[in-house]
Structure formats: structure tokens, C-alpha cells
Amino acid sequence: MDVWDNMKETGKKLYIKTWGCQMNVYDSRRMADVLAPLGYSAVETPDEADMIILNTCHIREKATDKVFSELGRLREHKQAQEKKGRRMLMAVAGCVAQAEGEFIMERAPYVDMVFGPQTYHELPQMIMRVTGERVVNTNFPAESKFDFLPDEHTAPGPSAFLSVQEGCDKFCTFCVVPYTRGSEYSRPVAAILDEARRLRDAGTAEITLLGQNVNAYHGGGPDGKTWGLGRLLAAITELEGIERLRYTTSHPRDMDDELIEAHGALPKLMPFLHLPVQSGSDNVLKAMNRKHEISLYYEIVEKLRKARPDIALSSDFIAGFPGETEDDFEQTIKLVRDIGFAYAYSFKYSARPGTPAAVMQKQISEKEKTARLHHLQSLLFQQQTDYNSRTVGLTLPVLLDRVIEEKGQLHGRTPYNQAVHITAPADLYGRIIDVSITRAFQNSLTGEPVSTVPVVKSARI
Ligand code: SAH
Ligand code: SF4
Ligand code: F3S
């Protein structure tokens, strides 16, 4: 008999709320996978849940505050369940759990479990233990959590994430990730290809390979050699039924020629790249420990555009890093003007406990950070709107990945990762169809189907 048989009571409800990066989105799905054999099925609201997991992010201040206010709200649900004589397990997972596990247990005594990103395969054991005691698990086990996670149970949808790499050894001076996710680890090629095939068999047409430094990927190949990301992408595009590939997030230092060439050579690799630069100033990049100069960024962009002329670029920026002068900031503005971004994320520098930048001299005032961020964003948002406007009148293949029932609409993505809304029957969900783009906004497009015949073999579920 399976040791978990006594736990396999059916009909238990699991509510997972996810913050942070795509790796957390992926991890949440895998947690649901781990718990499915124990009778838990995912629900959309916390009402009546038997277990609540908050999958948290520690990257900037407000994220942690949000976790505590969410815990406060959810406590009422737990009390309501307890009044009915039902046990509800409340858990905090993810990067805040890793960084502040003990503190959460102290400050929120109604939390039953706190566990970090490398422990999700141990969830069943933790649940069994917690029925007797509260649990904190922030280990960084030597073996990979991926080896223990079971196969996927939850439907991934037309577009799915697949983590190929975890952790980070780069230690940028502002960033908590090396502390919350541990050191860099690449999954073996065979395990990734297996997971890609399973996603394909479950109806997924588009896969986004994930890693905090996904282009530092260096996994063991079936030939006994170490494969880089370019080679891995090439192997995945050979899987029939997988129509589109993307990867995120990349570091400029790891953008090797094999990967750049892959953008020209692999038609299924979508012409969009998120390549964070953070700042346009060499002085700031040095203080951030980004390990490259700004000239490298220009070189990469030039090579990428040569390999794939229509590639759309996206980036991350930090405004007001300690010591950033007005001149440094102007160099960031110059970089943005020179390159031209289709999309971008920009943030005020946020001092994170335990990181070197938090104790640097010359912290920038909140007022100045806000002013610089607004200046930067007005330029980035304008570029984004202009980029979207340039696609009006084009016919683009769109993967329809979400039904918006109340509006009779479908949501999809262009090859350039733009969100598109079309009015069309819901049964087109999961297909890639040609859409004529009619209007552009800052964050999305609207369009009309040119034909409802899929442009590639149906990717329908
Ligand atoms: N691994 C990726 C980024 C991961 S974090 C890379 O190296 O580019 C995502 C983004 O959050 C970063 O690119 C950065 O722009 C932002 N970020 C991280 N720490 C931050 C901090 N302390 N303050 C403000 N923004 C931060
Ligand atoms: Fe953080 Fe830098 Fe690692 Fe990116 S490369 S996760 S910003 S330490
Ligand atoms: Fe946040 Fe952790 Fe991702 S800190 S950005 S959830 S790796």
C-alpha cells in the first residue's frame, strides 16, 4: 500500500496565490501537481479551501508587505473554517518564505507551514508532519527538486512555462535572488525534453523556457556533453506540435553566439527577447556588479538584429541605484533612445536587507528616485505605444491562449509577445490563427481574424 493512501481523501480544495516572476508561476503549477495525488484540486478563491499556499516574491519591498496584508485577510477564512470544525492549512512558500521564514512564523502564528523554493517535492511529507506541529523548511538540498516532482497533473494550457535552470551565482549588488533561490543549477536535457513532450501531448503549443539566468543554461546532454541554451532550443523545436518557443530571463553576459544565431536559424523561436540591462552607465553597471560594460549590450543588439531583423526587444531598468548621478541617468535615457524597446519593466531601486547595495553610501532620495522613474517611464511607455502602433494594419499569427467569456473575446499573443484581443468564438482557444491588427494601445492590441483556419497544424486542446 502507498504510504500516502491515508492522506488521499478526495475533494480537498487547494488555493494558491502567486506573486513574482514566471518561475513562481511555474512552481505553483508544480505544487498543484505534487498535491493532486493527495486529493487536492486547485480552486480560484480561498473560500472553503482546505489548504492555502501563498507563493511569494522578495524582490522589492512592497511584495513582502503584500504578503503580510494578504495573510491578515486570509486569517478570517481560516477562522471561518475552524468554526465549522474544519482544519485549514495555511502555508507561505517562495522567496519571502526562504528569506524570512522564522519571522513569518513569529509574526503570523496562524501560519502552519513555511517552505522555500527548493523544497516543493517534500510537500506531502511536510503536510503529514504539520498535522502535529508547525513546519519551517528552508533547506537548500543538494539534489534537485525537479528529480522528485511527479509528472504534471494540472492542465498547462496552450502556452506553458518550463523551468530549465534555477538559482543564480551572479550576485548583482541589489538583488536577493542568489540568497532566495540558491546557486545555479541546470536540468539535464533529457528531463527537459520529456517535460516538453508531456506538455505537447497535453495540448501546449508554445513553451517558454525559464530560469533566473536562463541563457547561462549548461545542462548535461544525451551525448555526454554539456549543452548551452542555443542547442537546447534547437532540440525542442524538433518536437512536432510545439509551434513556438521563448525563453526568459537572460543576462547580457551569457548571450553567446550560438544563442544569437539560433534566433536566425530557428523559425519556431519567437522574435522577442527580454534582455535586462538595468542602467546605461558603465559606472552604475560596475557598482551593480553586472559584470559587463554598456558596449557589450550594443554589440549584442546589433548581432541579434542581424540574425533576426524583426526581433522585438524588452528590458528591465532600475532608477536611482545608490550613487547614480544625473549624468549616469542621462546615459540610461540615451541607451533607451538608441536601442528602442518594444516593452520594458522599470523600477525604483529598493534596498533589500542583506544585499551589498543596501549599505552603500549615497543612497538616492525617494523623491529623486520617483522623478527619475517617471522620466524613464514616459520614454519607455511612448516607445511601447509607438511599437504597438507600427503593427496596426499587419496580419500576424496569434496564439489564442485565453477565453474572456464575459466579453465574448479571446486573448492571444503575436510573435512579438504583444497581447491581442479579438472577438471570436471560444472554440478557437488554443489555435494559432492569422489576425489583422486594427488598433494599438500601450499594453495591448485589438484585431480581427482574417481566417479561422489555423495557420499551423491545430494546437487545440
Ligand atoms: N535575473 C534577471 C532579473 C531578475 S529580477 C537579470 O539578471 O536580469 C527582475 C528585475 O527586478 C531585475 O532585472 C531588476 O530590474 C529588478 N530588481 C531586482 N532587484 C531589485 C531591487 N533591489 N530594486 C529594484 N529593482 C530590482
Ligand atoms: Fe539577480 Fe543579478 Fe542574478 Fe539577475 S543576474 S537574478 S539580477 S543576481
Ligand atoms: Fe521574486 Fe523570487 Fe522570482 S524574489 S522575482 S519570486 S526568484
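Our structure's up above, just so we're on the same page.
Residues numbered from 1 in each chain as written. Chains lettered and ligands numbered in written order. Predicted model: local features only at pLDDT ≥ 70, side-chain atom pairs only at ≥ 80, totals over all residues. Heavy atoms only, no water.

Trainee: If you had to explain the pairing of strand β18 (residues 409-413) to someone new, which residues and values would you point to?
Mentor: Of all 5 residues making up β18, 4 are buried, and the element is well covered by its neighbours. Where strand β17 (residues 395-404) meets β18, 5 bridges bridge the pair, whose relative direction is antiparallel. Bridge pairing in β18 places Val 403 opposite Leu 410. The hairpin formed by β17 and β18 contains 4 residues between the paired strands, and Gly 408 there has a positive phi angle of roughly 65°. Where β18 and strand β19 (residues 419-423) come together, 5 bridges link them in antiparallel fashion. In the strand pairing of β19, Gly 412 is matched with Val 420. Taking the residues that link successive antiparallel strands as the turn, the β18-β19 hairpin has 5 residues, and the phi of Asn 417 there is positive, at about 70°. (Buried < 20%, exposed > 50% of the residue type's maximum accessible area, 1.4 Å probe, protein only. Helix = DSSP H or I, 4+ residues; strand = E, 2+ residues; numbered from the N terminus. Pairing = 2+ DSSP bridges.)

Trainee: Tell me about the nonpolar core, and name the residues and values.
Mentor: Grouped together as the largest cluster of nonpolar side chains are 50 residues, with contacts concentrated most on Leu 209, Ile 236 and Tyr 247. When near neighbours in sequence (up to four residues on either side) are disregarded, Ile 236 contacts Ile 192, Leu 193, Ala 196, Leu 209, Ile 242 and Leu 245. (Core = buried A, V, L, I, M, F, W, Y, C linked by side-chain atoms within 4.5 Å. Contact = heavy atoms within 4.5 Å.)

Trainee: Any chance you could break down the site of ligand 1 for me, citing the residues and the numbers?
Mentor: Near ligand 1 lie 16 residues; those nearest to it are Phe 174, Gln 212, Gln 278, Asp 316 and Ser 350. Between Asp 316 and ligand 1, the recorded distance is 2.6 Å, taken from a side-chain N or O atom to an oxygen atom. Take Ser 350: an N or O atom from its main chain is 2.8 Å from a nitrogen atom of ligand 1. Protein contacts shield 92% of the accessible area of ligand 1, which totals 540 Å² for the unbound molecule. Mapped by element, the contributors of at least two residues to the shell around ligand 1 are β15 (312-319) and β16 (343-348). (Near = heavy atom within 4 Å. Polar contact = N/O pair within 3.5 Å; in protein donor to acceptor, adjacent residues only side chain to side chain. Areas by Shrake-Rupley, 256 points an atom, 1.4 Å probe, with all protein chains shown as cover.)

Any functional reading would require information that these geometric values do not contain.
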